[in-house]
Structure formats: C-alpha cells, structure tokens
Amino acid sequence: MMAELEHINVTVADPQKMAAMLNTLFGWKIRWEGEAMAGEGYTVHVGTERTYLALYTGSTNSPTPLEGRSYNRLSGLNHIGVVVDDLDAVETRVKDLGYTPTSHADYEPGRRFYFTDENNIEIEVICYA
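Residues numbered from 1 in each chain as written. Predicted model: local features only at pLDDT ≥ 70, side-chain atom pairs only at ≥ 80, totals over all residues. Heavy atoms only, no water.

Enquirer: Any details on the sheet that holds strand β8 (residues 122-127)? Residues and values, ideally.
Expert: The mixed open sheet is built from four strands, whose spatial order is β5-β8-β7-β6. Edge positions in the sheet fall to β5 (80-83) and β6 (102-107), since each of these pairs with one other strand and no more. Within this sheet the neighbouring strands show an average axis-to-axis angle of 20°, counted without direction. The pairing of β5 with β8 spans four bridges and is classified as parallel. Each bridged residue has a counterpart across the sheet, and for Val82 the counterpart in β8 is Val125. Helix α1 (residues 15-26) contacts β5, β7 (110-116) and β8 of the sheet and is inclined by roughly 15° relative to β8. Where helix α2 (residues 87-96) meets the sheet, its contacts fall on β6, β7 and β8, and the angle it forms with β7 comes to roughly 10°. (Pairing = 2+ DSSP bridges. Helix = DSSP H or I, 4+ residues; strand = E, 2+ residues; numbered from the N terminus. Axes fitted to C-alpha atoms, helices over the stretch in contact; angles between N-to-C directions. Contact = heavy atoms within 4.5 Å.)

Here you go:
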C-alpha cells in the first residue's frame, strides 16, 4: 500500500496574501479558492498538481461558530517544510519579501533555514542538492 500527503489545512489571517507569498517564493499556483465549510470561512488551495496547502480563514458571520476548534486559531502546527532546488535563491526571495531567515544549518544530507510569516507560521526551507 502506498500513501502520500495530499494537503495540510492551516488557519491564517489572509489566505490570498499568504498564497501570493508562497507563489512568489516557491513558484506554486492557486489550485482552487472559495467559500469553505458550509459558508463558515474562505479557503485558498496553493501548491503543485500533487500537493497543496489549504489556507483557511473563518467567517465572523458564521451561523455555527467553530469555537474550541483549531479552525479558530492561527498557527495550529509546528512548521511547514518545503524542499527546493536552490536554497540561496529562495532565501533571497524570502528577504526580498521582508522576512528574516533564521536557524541556518548544514547537515547530512542537506542545508536548511527557517522563517516565520505574519501568521506566526514557521516555514522550513530545505535543499538536498
């Protein structure tokens, strides 16, 4: 049996803004966007043909609030890891967008750094080349 990760759903303040940032950094595309969860929010799916991030924001006018559920919290995860071919080029784009790369490390079998976006989501960028 083969299984692979298709998507991760994370709550953010502005799904369209975060999708634009991810598109710029990683060359991803918006796969879908629209009303989500029976009118209780808005979601943008951004990524590749095979995998994506579902960037969700709740509605303040929701008829059934999602109180107590992770959909109401920003950054309900530890970090998102993205593998790239050219770590230095992506780091330049990260800086150009005003983010601060941190925790650089060279390790077997690759190199990495992290940055945190305005939703307090930490993104790890890894290169194995």
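Enquirer: I'd like to hear about the pattern of salt bridges, residue by residue, with values.
Expert: Taken as a whole, this structure holds four salt bridges when the rule is applied. Between Asp88 and Arg111 there is a salt bridge; the shortest N-O distance is 3.4 Å. You can see Asp88 sitting in helix α2 and its partner Arg111 sitting in strand β7, a full 23 residues away along the chain. Judged by relative accessible area, Arg111 falls into the partly exposed class, the value being 28%. (Salt bridge = Lys/Arg side-chain N within 4 Å of Asp/Glu carboxyl O. Buried < 20%, exposed > 50% of the residue type's maximum accessible area, 1.4 Å probe, protein only.)

Enquirer: So what's going on with the pairing of β7? Which residues, and what values?
Expert: Here four bridges tie β6 to β7, and the two strands are oriented antiparallel to one another. Residue Tyr107 lies in a different strand from β7, and its bridge partner there is Gly110. Linking β6 to β7, which pair antiparallel, is a turn of two residues. Alignment of β7 against β8, held across six bridges, turns out to be antiparallel. Looking at β8, one finds that Tyr114 is bridged to Glu124.

Enquirer: Please set out the nonpolar core residue by residue, giving values where relevant.
Expert: Core analysis: the biggest nonpolar cluster contains 26 residues, and Leu22, Phe26, Leu55, Phe115, Ile123 and Val125 have the highest contact counts within it. When residues of this core are traced back to their parent elements, those giving at least two are α1, β3 (41-47), β4 (52-58), β5, α2, β7 and β8. With six residues, the top contributor of residues to this core is α1. What Val125 contacts, discounting residues up to four positions off in sequence, is Phe26, Val82, Val84, Leu87, Val90, Arg111, Arg112, Phe113 and Phe115. (Core = buried A, V, L, I, M, F, W, Y, C linked by side-chain atoms within 4.5 Å.)

Enquirer: Could you give an account of the side chain of Asp117, with specific residues and numbers?
Expert: As for its placement among the helices and strands, Asp117 is situated in the loop between β7 and β8. Within polar-contact distance, the side chain of Asp117 engages the backbone nitrogen of Ile121 at 3.0 Å. Excluding anything up to four places from it in sequence, Asp117 contacts Met18, Met21 and Tyr99. (Polar contact = N/O pair within 3.5 Å; in protein donor to acceptor, adjacent residues only side chain to side chain.)

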